Amino acid sequence: MKALDGISRNKAKAILAGGGVTVNGKNRSQHDFPLNPGDRVEISKRKSGPTLQNKHVRLVYEDAYIIVIEKGVGILSMASSHHAYSVKTVIDDYLRKSHQGATAHVVHRLDRDTSGLLVYAKTIEAEQILEHNWREIVTDRRYLALVSGQMEEREGTVESWLKDNKAFFTYSSPTDNGGKFARTHFRTLRIGPEHSLVELKLDTGRKNQIRVHMQDLGHPVCGDIKYGNGDNPIGRLALHAYRLNFYHPITGEHLSFETPCPKAFKAVFTSAEE
């Protein structure tokens, strides 16, 4: 920071994360990387080296400890078998090519056909803190869903117990069925002739929670082949994780990330008005 005329801490972090610092010719992104007398440190304000470029994965934020991405439709958060293509393998390839000496550690997941924001840890320490303190660290996590039919209520809350049967189908019960309690808050943002756009905020993060709770309301998520009604106006599961706010596991800084509503969701209402 002193060498660059007292630049801000955030600017220094950005230069590190962008591959702008080398020690003895090798990229280093850790702010606390130990230096020895005689080491040659080179700093460039312009990003250098490989960038994460992939049609399924968009880089949103990166520092020495975590990486936040926007996941596209049709890719797993992590591999289900050794050779399966996934967001994790994409990030690992990027980290290897940028010589960061790190691998991506999975903290939470999105279904293959759900798009949106995901955070991965780059160190074991960050992964452990995020995993064991997830509910305390995450301050806001919201989704957008295009659902079938016209929502009757502007906002409300769905509560139930969710339990899988032997066929891995999740059942919802208003009373304790031995499953896990789930609570979803919903807010209707837009209503069209045949569809509604809904914002969903989770108090709990159960498997298939949003999809099952929207089915409970009688307005399943469009494109949901498991819990839907066959309504699929955009050719995909219409669920997008658009907001993710959390405290940084190492620095404690509060981070806020948000992505726009997918154009395909909006197009359903635009075509209905024409």
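Structure shown above.
These numbers were taken from a predicted model, which means no experiment stands behind them.

Rules behind the numbers
Residues numbered from 1 in each chain as written. Predicted model: local features only at pLDDT ≥ 70, side-chain atom pairs only at ≥ 80, totals over all residues. Heavy atoms only, no water. Phe/Tyr/Trp six-rings, centres within 6.5 Å; stacked < 30°, edge-to-face > 60°. Helix = DSSP H or I, 4+ residues; strand = E, 2+ residues; numbered from the N terminus. Buried < 20%, exposed > 50% of the residue type's maximum accessible area, 1.4 Å probe, protein only. Pairing = 2+ DSSP bridges. Contact = heavy atoms within 4.5 Å. Salt bridge = Lys/Arg side-chain N within 4 Å of Asp/Glu carboxyl O. Arc of directions from axis to C-beta. Lys, Arg positive; Asp, Glu negative; His and termini not counted. Polar contact = N/O pair within 3.5 Å; in protein donor to acceptor, adjacent residues only side chain to side chain.

### Overview of the packing of aromatic side chains
Aromatic rings in a pair are described by how distant their centres are and how their planes are angled relative to each other.
Reasoning step 1: The full count for this structure, using the stated rule, is five aromatic pairs.
Reasoning step 2: When the centroid spacing of 4.7 Å and the interplanar angle of 45 degrees are considered together, the rings of F169 and Y227 count as tilted. Of the two residues, F169 sits in the loop between β9 (155-164) and β10 (170-173) while Y227 sits in the loop between α5 (209-216) and β13 (239-247), which places them 58 residues apart along the sequence.
Reasoning step 3: Ring centres of F246 and F257 lie 6.0 Å apart, and the angle between their planes is 35 degrees; on these two criteria the pair is classed as tilted.

### Brief notes about the pairing of strand β8 (residues 138-148)
Reasoning step 1: Where burial is concerned, most of β8 is hidden: ten out of the eleven residues are buried.
Reasoning step 2: As paired elements, β8 and β13 share seven bridges and run antiparallel to each other. Its bridge partner lying in β13, L144 is registered against H240.
Reasoning step 3: Here β8 runs beside strand β12 (residues 195-202); their pairing, made up of seven bridges, is antiparallel. Considered in β12, the bridge of A145 is made with V198.

### Remarks on α5
Reasoning step 1: Within α5, six of the eight residues are buried, which leaves the element mostly enclosed by the surrounding structure.
Reasoning step 2: Every buried residue of α5 is accounted for by Q209, I210, R211, V212, H213 and M214.
Reasoning step 3: Structurally, α5 contributes buried residues whose contacts are with β8, β9, β10, β11 (180-191), β12 and β13.
Reasoning step 4: Once α5 ends, the next one or two residues include G218, with phi positive near 85 degrees.

### As for the pattern of salt bridges
Here the idea is simple: oppositely charged side chains can pair when their charged atoms come close.
Reasoning step 1: One pass over the structure, following the stated rule, counts 17 salt bridges.
Reasoning step 2: Note that D224 and R211 form a salt bridge whose closest N and O atoms lie 2.9 Å from each other. Taken together, the residues span a long stretch of sequence, with D224 in the loop between α5 and β13 and R211 in helix α5 at a distance of 13 residues.
Reasoning step 3: Among the residues examined, R211 registers a relative accessible area of 11% and is labelled buried.
Reasoning step 4: Across the pair R243 and E258 runs a salt bridge, and its minimum N-O distance is 2.9 Å. Note that R243 is positioned in strand β13 and E258 in strand β14 (residues 254-258), a separation of 15 residues in sequence.
Reasoning step 5: R243 sits in the buried class, given a relative accessible area of 19%.
Reasoning step 6: Within the structure, one salt-bridge network assembled from shared partners comprises D140, R142, R187, E199, R243 and E258.

### Some points on helix α3 (residues 124-132)
Reasoning step 1: Along α3, the residues that are buried comprise A126, E127 and L130. Each buried residue of α3 lies within a common arc of 100 degrees when the element is viewed along its axis, so the set occupies one face. Seen from the buried face of α3, the exposed residues on the opposite side, beyond 90 degrees, are I124, E125 and H132.
Reasoning step 2: For α3, the elements touching its buried residues are β5 (66-71), β6 (105-106), β7 (115-121) and α4 (134-137).

### Focus: the sheet that holds strand β2 (residues 26-27)
Reasoning step 1: If you trace the three strands from one edge of the open sheet to the other, you get β2-β1-β3, paired in antiparallel fashion. Only two strands of the sheet have a single partner each, and these edge strands are β2 and β3 (41-43).

### A closer look at the side chain of R141
Reasoning step 1: Looking at the secondary structure, you find R141 in strand β8.
Reasoning step 2: Comment: no salt bridge for buried R141; closest opposite-charge side chain is D140, at 9.1 Å.
Reasoning step 3: One polar contact links R141 to H108, side chain to side chain, over a distance of 3.4 Å.
Reasoning step 4: In terms of polar contacts, R141 uses its side chain to reach the side chain of Y143, at 3.1 Å.
Reasoning step 5: For R141, the residues in contact, after removing those within four places along its chain, are H108, R109, L110, W134, L200, K201, L202, R243 and L244.

### Things to note about the environment of K55
Reasoning step 1: Inspection of the secondary structure assignment puts K55 in the loop between β3 and β4 (57-62).
Reasoning step 2: Look at K55 and you get exposed, because its relative accessible area is 79%.
Reasoning step 3: Put simply, K55 and V73 are 18 residues apart on the chain and 10.0 Å apart in space, counted from C-alpha to C-alpha.

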